[in-house]
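One-letter residues, chain by chain:
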Amino acid sequence: MAAARVRSGGRPTLEEVAARAGVGRGTASRVINGSPRVSAQTREAVEAAVAELGYVPNRAARALAGNRTDAIALVVPESETRFFAEPYFSDIVRGVGAALADTEMQLLLTLAGNDRERRRLAQYLTAHRVDGVLLVSVHADDPLPDLLEQLGMPSVISGRRHAAETLPSVDSDNFEGARAAVDHLIARGRRSIATITGRLDVYGAQRRLDGYRKAVAAAGLDPDERLIAPADFSEEGGARAMRELLERRPDVDAVFAASDVMAAGARQVLRESGRRIPDDVALVGFDDSAVARHMDPPLTSVRQPIEEMGRTMTRVLLQEIANRSSGDGTEERPRIVLPTELVVRESS
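Residues numbered from 1 in each chain as written. Predicted model: local features only at pLDDT ≥ 70, side-chain atom pairs only at ≥ 80, totals over all residues. Heavy atoms only, no water.

Peer 1: Mind showing me how you'd approach the pairing of strand β4 (residues 155-158) here?
Peer 2: The side chains of a regular strand alternate, residue by residue, between the two faces of the sheet. Neither face of β4 is exposed, since S155 and I157 on one face and V156 and S158 on the opposite face are all buried. Bridge analysis of strand β3 (residues 132-136) against β4 gives four bridges, and the strand direction is parallel. Bridge pairing links L134 to V156 in β4. Sheet analysis places β4 next to strand β5 (residues 169-172), joined by two bridges and oriented parallel. The residue bridging I157 from the neighbouring strand is S169, located in β5. (Buried < 20%, exposed > 50% of the residue type's maximum accessible area, 1.4 Å probe, protein only. Helix = DSSP H or I, 4+ residues; strand = E, 2+ residues; numbered from the N terminus. Pairing = 2+ DSSP bridges.)

Structure (structure tokens):
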């Protein structure tokens, strides 16, 4: 071991680590950079070689040689108000942080909720000041994903823009989650089932509406468009939509809200109108956030694995970065859909 260090001038090299582990230089590099794309046996061999030789990665040299910054950006194209009001985003951040805990990557959180912030972000990304980007809550007309593709920036999106998304993506099963929620309400004997949608320029909101429509049609219920009220994922939007529904269809006996936060707004309006939950109107949300658990009565909600989404999209991005650094590029774009689960509580 000492001889190996002497031959490399006192500091072991990546080539010596690879030789000691019996692998190629690129494989050793992937292990040291935290790529998941190696076998457990190979990882153990490289880590043992690192320990035996006393190898310490030269981060500055590695960054210069590979045009690396050892930083990734989590970009949320939303306002500060929405970011801090919705538990969804804090859960995503928690998952991303957990996935980066054992790496040397730094995380840059960037909100881009207006044109000025978006222009500044575009300049920052064009200068390649990060190695990759995680995109959350992207709207259909957002030009940022196209810019990232033009720059050749490794990127992963949570919540596809449309069915033909070209970026690697990680999402929950919005369609099946919504269908399960409405099927549950139907099984409880509800027949005038309304839905409060999120912004329909968000693909996930479209899929939740599709799941609602599918369940209503499959049960042979009246597909009355007056039972569909669009909102914006906010508590105020949920309240406005609930007022509209009560004006249009005062006989509504169940509501599926496409987020827990909107369900909280709907609950307030239902109470103000004298409706009892669930006796008069059953209520179901989506996310299974702390909002659902602390509501009175506790809210039935579709649990999506938000932290796991954050962890998964980070692992996918690290792999994309490692592939780019090692020249092991691929045309395959991962498209991962994580399952949802209906959590039944007193509101339905």
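Peer 1: Would you mind going over the sheet that holds strand β10 (residues 300-303) with me for this structure?
Peer 2: Where strands meet in a sheet, backbone hydrogen bonds hold them as pairs that are either parallel or antiparallel. If you trace the six strands from one edge of the open sheet to the other, you get β7-β6-β8-β9-β10-β12, paired in mixed fashion. Looking at strand neighbours, the two that pair on one side only are β7 (228-230) and β12 (341-343), the edges of this open sheet. Averaged over neighbouring strand pairs, the angle between their axes works out to 20° when direction is ignored. Relative to β10, strand β9 (residues 282-287) runs parallel, the two sharing four bridges. By the bridge assignment for β10, F286 is matched with V302. Sitting on the sheet, helix α11 (residues 203-218) is in contact with β6 (193-197), β7, β8 (254-257) and β9, with an inclination near 170° to β6. The strands that helix α12 (residues 235-248) touches are β6, β7 and β8; relative to β7, the one it contacts most, it runs at about 150°. (Axes fitted to C-alpha atoms, helices over the stretch in contact; angles between N-to-C directions. Contact = heavy atoms within 4.5 Å.)

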